[in-house]
Amino acid sequence: MLPHCSLLLLLCVARLLSTTSALPFEQKGFWDFAMDSMDSGGMMTMMRDEEEGSAVEEILPPDISMCPFGCHCRLRVVQCSDLGLTEVPQNIPRDTKFLDLQNNHITELKENDFKGLTNLYGLSLRNNLISKVHPRTFVPLKHMQKLYFSKNLLTTVPKNLPASLVEIRIHENRIKKVAAGAFAGLGNMNCIEMGANPIHNSGFEPGAFKGLKLNYLRISEAKLTGVPKDLPDSLHELHLDHNQIQAVELEDLSRYKNLFRLGLGYNHIRNIENGSLSFLPRLRELHLDNNRLTHVPKGLPDMKYLHVVYLHSNNIAQVGMDDFCPRGFGMKRTFYNGISLFGNPVNYWEVQPATFRCVSDRLAVQFGNYKK
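We now turn to the structure provided with this report. These figures come from a predicted structure and were not determined experimentally.

A word on the overall build of the protein
Logical step 1: In terms of regular secondary structure, the protein is built from three helices and 18 strands.
Logical step 2: Counting all 372 residues of the protein, 41% fall into the buried class.
Logical step 3: Counting only carbon and sulfur atoms, one obtains 53% of the accessible surface of the protein, whose full area is about 20,500 Å².

Here's what the structure looks like:
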């Protein structure tokens, strides 16, 4: 009988030691478990194991970081927005895919702020106070594709951006100059949003966009007085709205033969030189609303794929029968599905019905009322 009692006592002591030596709870371990189980049954099993004292002790490698204090970490997304942070937090998990640091008070990015985050795909720094970026800040981010840097205090484009970058948004900063080679080595870049910066035409040095194969570029709400020179000829969308552009000259659009959409609304354009639009054979949408045009631009009937034209809120007083449609049949590949002419001093009852013979539906033409 005595040996059996001794054996029972030893088993009880072993169980007591195993439960009291368990590691403290860590948030990252919990999220890992949640991703694996994804159901209430797994949670109940864990709770039951803890009650019975049979949970297996997990020993984490020393290089795995916990979630930064105040942040939320789940599914490799680290959300540290709206925390009043003045610097990039430490202890960011190394397997993080998306890091959200928007709406804080960060003023500077240091060299080692993102050290070890080689798996990072997206980084949001929107709405901070960042004015200084170390030249090697982004060097560790070998796989980052999306960088959201809008609403900060940048005066130049950050240096040494990752070659993997596909999209960058740096609008609403204080950028006045884009130096030659500012985007060098970014052959994968597809989209640049850099509107609402106080940049003039002279602020773009020759070669500023050299080597880029962009599809999308927006430089709206800036200080431009003309269409910038030497933009990437690969562009499908170019948005230059809300600037101070006075006119479109013959050679301004000559290199943009791949454009599908051109935005020139909310400028001061009085004249579009004859032949300017002939360089855009693939154009689908043309936005010229809220300018100072006195007539419909020449060349629209020759644009085979054009189907949306915004001309509202100009000074157009007359619309000719051949201003939009070609005379011959079969010359236009797509019919118009949107022509806006409201907000112009043109009397719609004076416009000949045949003017819109290449429009898909009569409701696609918008005249409206004109108010001085």
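Text resumes after the structure shown.
A look at the layout of surface pockets
Logical step 1: Taken as a whole, the second largest pocket encloses approximately 330 Å³ of empty space.
Logical step 2: Around the second largest pocket, the lining comprises 15 residues; the ones closest to its centre are Pro89, Gln90, Asn91, Asn112 and Asp113.
Logical step 3: Here the lining of the second largest pocket is built from residues that sort into five nonpolar, four polar and six charged.

Brief notes about the packing of aromatic side chains
Logical step 1: Counting across every chain of the model gives nine aromatic pairs.
Logical step 2: Ring geometry for phenylalanine 356 against phenylalanine 367: centres 6.0 Å apart, planes inclined by 75°, an arrangement best described as edge-to-face. Taken as a pair, phenylalanine 356 in the loop between β17 (338-340) and β18 (365-366) and phenylalanine 367 in the segment after β18 lie far apart in primary sequence, 11 residues in all. Residue phenylalanine 356 shares its accessibility class with phenylalanine 367, and that shared class is buried.
Logical step 3: Three or more aromatic residues joined by ring pairs make a cluster, and in this case those are Phe324, Tyr336, Tyr348, Trp349, Phe356 and Phe367.
Logical step 4: If you follow arginine 284 out to its NZ or CZ, it ends over the ring of tyrosine 305, 4.9 Å from the centre.
Logical step 5: Over the ring of tyrosine 336 we find lysine 332, and its NZ or CZ is 4.3 Å from the ring centre.

Topic: the side chain of histidine 312
Logical step 1: Its place among the elements puts histidine 312 in the loop between β16 (308-310) and β17.
Logical step 2: We classify histidine 312 as buried; its relative accessible area is 12%.
Logical step 3: Among the polar contacts listed, one links the side chain of histidine 312 to the side chain of serine 340, at a separation of 2.8 Å.
Logical step 4: Discounting residues that sit within four places of it in the chain, histidine 312 has contacts with Asp289, Asn290, Ser340, Leu341, Phe342 and Asn344.

Regarding the pattern of salt bridges
Logical step 1: Inspection of the entire model under this criterion finds 12 salt bridges.
Logical step 2: In this structure, glutamate 167 and lysine 146 form a salt bridge, with 2.9 Å as the shortest nitrogen-oxygen distance. Highlighted residues: glutamate 167 in strand β8 (residues 167-169) and lysine 146 in strand β7 (residues 146-148), separated in sequence by 21 residues.
Logical step 3: For glutamate 167, a relative accessible area of 9% puts it in the buried group.
Logical step 4: The partly exposed category is assigned to lysine 146, whose relative accessible area is 22%.
Logical step 5: Between aspartate 252 and lysine 229 there is a salt bridge, and its shortest N-O distance comes to 2.8 Å.

So, the state of the cysteines
Logical step 1: Scanning the model with the defined rule gives three disulfides in all.
Logical step 2: Through a disulfide, cysteine 67 is tied to cysteine 73; the S-S separation comes to 1.9 Å. A torsion of 80° about the S-S bond marks the disulfide between cysteine 67 and cysteine 73 as right-handed.
Logical step 3: The exposure class of cysteine 67 is buried, given its relative accessible area of 13%.
Logical step 4: According to the relative accessible area criterion, cysteine 73 is buried, its value standing at 9%.
Logical step 5: Each disulfide pairs two cysteine sulfurs, and for cysteine 71 the partner residue is cysteine 80, the sulfurs being separated by 2.1 Å.

What counts and how
Residues numbered from 1 in each chain as written. Predicted model: local features only at pLDDT ≥ 70, side-chain atom pairs only at ≥ 80, totals over all residues. Heavy atoms only, no water. Helix = DSSP H or I, 4+ residues; strand = E, 2+ residues; numbered from the N terminus. Buried < 20%, exposed > 50% of the residue type's maximum accessible area, 1.4 Å probe, protein only. Areas by Shrake-Rupley, 256 points an atom, 1.4 Å probe, with all protein chains shown as cover. 1 Å grid on protein atoms, 1.4 Å probe; cavity = no way out; pocket = protein on both sides within 12 Å on 5 of 7 lines; lining within 4 Å. Points joined across faces, edges and corners; volume = space filled by probe spheres on them. Nonpolar A, V, L, I, M, F, W, Y, C, P; charged D, E, K, R; others polar. Phe/Tyr/Trp six-rings, centres within 6.5 Å; stacked < 30°, edge-to-face > 60°. Lys NZ or Arg CZ within 6 Å of the ring centre and 35° of its normal. Polar contact = N/O pair within 3.5 Å; in protein donor to acceptor, adjacent residues only side chain to side chain. Contact = heavy atoms within 4.5 Å. Salt bridge = Lys/Arg side-chain N within 4 Å of Asp/Glu carboxyl O. Disulfide = S-S within 2.5 Å.

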